[in-house]
Amino acid sequence: SGTKGGPLMRESYDEHPFYSVLFFGFALLANVTVMGVLGALLVQTIKKITETEDEAKHTIQTQNTMDRFWASVIQMDENGDGYVTRDEFLGLMSQPGNIRLLKKMDVDPRNLVTLSDFVFDEHDGRMTQFELNQWVLDLRSSQKSTLKDHYITQKFISAKLTKAVEQASSLHKLST
């Protein structure tokens, strides 16, 4: 408590007045430093709480948007099996309302169309709601890249190159 410092200040003053000034300066600096650290801690705590609340709000909005997108998928589901095929997906992508939904989620529709053949091949030509949602959410521009993303990109490029080589060899066989 503050009463413990009084006798110490008197003792330092009795030794030499300059010592008491140094001691007082030290005590003042220590208290201001501790107050600064506590203030910074409070600010960081409030900042983290705000970020968490904003992230939760954004997650709810994204989920609602994905639910509306899936409702469009269900309408386009030609055979009613609960899966979306590549053709059904391309039909979805031709509707301006779905493009707006994707842009609202920060997803580039052109990337979805470009990657759709690869992703649908990976899922045997059809995807469930969970798989489609995961794929769309993974393509948000706000998502950070992971090692898994680099692996999938490598797989995508390899598949495209293999397909191009096969087409080139078949064209070569036709010409000979």
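Residues numbered from 1 in each chain as written. Predicted model: local features only at pLDDT ≥ 70, side-chain atom pairs only at ≥ 80, totals over all residues. Heavy atoms only, no water.

Some words on the side chain of S116
Phase 1: Position of S116 relative to the elements: it lies in helix α5 (residues 109–122).
Phase 2: Given the relative accessible area of 0%, S116 is considered buried.
Phase 3: Not counting residues up to four positions away in its chain, the partners in contact with S116 are R86, F89, L90 and W135. (Helix = DSSP H or I, 4+ residues; strand = E, 2+ residues; numbered from the N terminus. Buried < 20%, exposed > 50% of the residue type's maximum accessible area, 1.4 Å probe, protein only. Contact = heavy atoms within 4.5 Å.)

Description of the nonpolar core
Phase 1: F69, F89, L132, W135 and V136 are the most contacted members of the largest nonpolar core, which has 22 residues in total.
Phase 2: At the level of elements, α2 (17–76), α3 (86–93), α4 (96–104), α5 and α6 (129–138) are the ones that each hand at least two residues to this core.
Phase 3: Ignoring any residue separated from it by four or fewer positions in sequence, one finds L132 in contact with F69, W70, V73, V84, F89 and M127. (Core = buried A, V, L, I, M, F, W, Y, C linked by side-chain atoms within 4.5 Å.)

Details of a negative patch on the surface
Phase 1: A surface patch of negative charge is lined by E51, E53, D54 and E55.
Phase 2: For E53, the position within the fold is in helix α2.
Phase 3: In this structure E53 comes out as exposed when scored by relative accessible area, which is 51%. (Patch = residues over 30% accessible without salt bridge, like charges linked within 9 Å, V, L, I, M, F, W, Y side chains within 5 Å. Areas by Shrake-Rupley, 256 points an atom, 1.4 Å probe, with all protein chains shown as cover. Salt bridge = Lys/Arg side-chain N within 4 Å of Asp/Glu carboxyl O. Lys, Arg positive; Asp, Glu negative; His and termini not counted. Charge placed at Lys NZ, Arg CZ, Asp CG, Glu CD.)

Focus on a nonpolar patch on the surface
Phase 1: There is a patch of nonpolar side chains on the surface, built from F18, Y19, V21 and L22 and spanning about 430 Å² of accessible area.
Phase 2: Structurally, F18 is set in helix α2.
Phase 3: Among the residues examined, F18 registers a relative accessible area of 48% and is labelled partly exposed.

Regarding the environment of L137
Phase 1: Tracing the chain through its elements places L137 in helix α6.
Phase 2: A sequence separation of 71 residues divides L137 from M66, and the C-alpha atoms of the two residues are 8.8 Å apart.

Some remarks on the packing of α2 against α3
Phase 1: Close contact between α2 and α3 brings their axes to 10 Å; oriented N to C, the two are set at 120°. Here α2 is positioned oblique relative to α3, judged by the angle of their axes. Crossing angle aside, the handedness with which α2 passes α3 is right-handed. Side by side, α2 and α3 meet where F69, S72, V73 and M76 of the first sit next to E88, F89, G91 and L92 of the second.
Phase 2: Class assignment of the residues belonging to the contact of α2 with α3 gives a composition of five nonpolar, two polar and one charged. (Axes fitted to C-alpha atoms, helices over the stretch in contact; angles between N-to-C directions. Parallel < 35°, antiparallel > 145°, perpendicular 65-115°, else oblique. Left-handed = near helix turned anticlockwise from the far one by under 90°. Nonpolar A, V, L, I, M, F, W, Y, C, P; charged D, E, K, R; others polar.)

Topic: the pattern of salt bridges
Phase 1: Applying the stated rule across the entire model yields four salt bridges.
Phase 2: The salt bridge involving E122 is made with K155; its shortest N-O contact spans 3.0 Å. Residue E122 is found in helix α5, and its partner K155 is found in helix α7 (residues 147–175); the two are separated by 33 residues along the sequence.
Phase 3: For E122, a relative accessible area of 41% puts it in the partly exposed group.
Phase 4: Residue K155 is classed as partly exposed on the basis of its relative accessible area of 34%.

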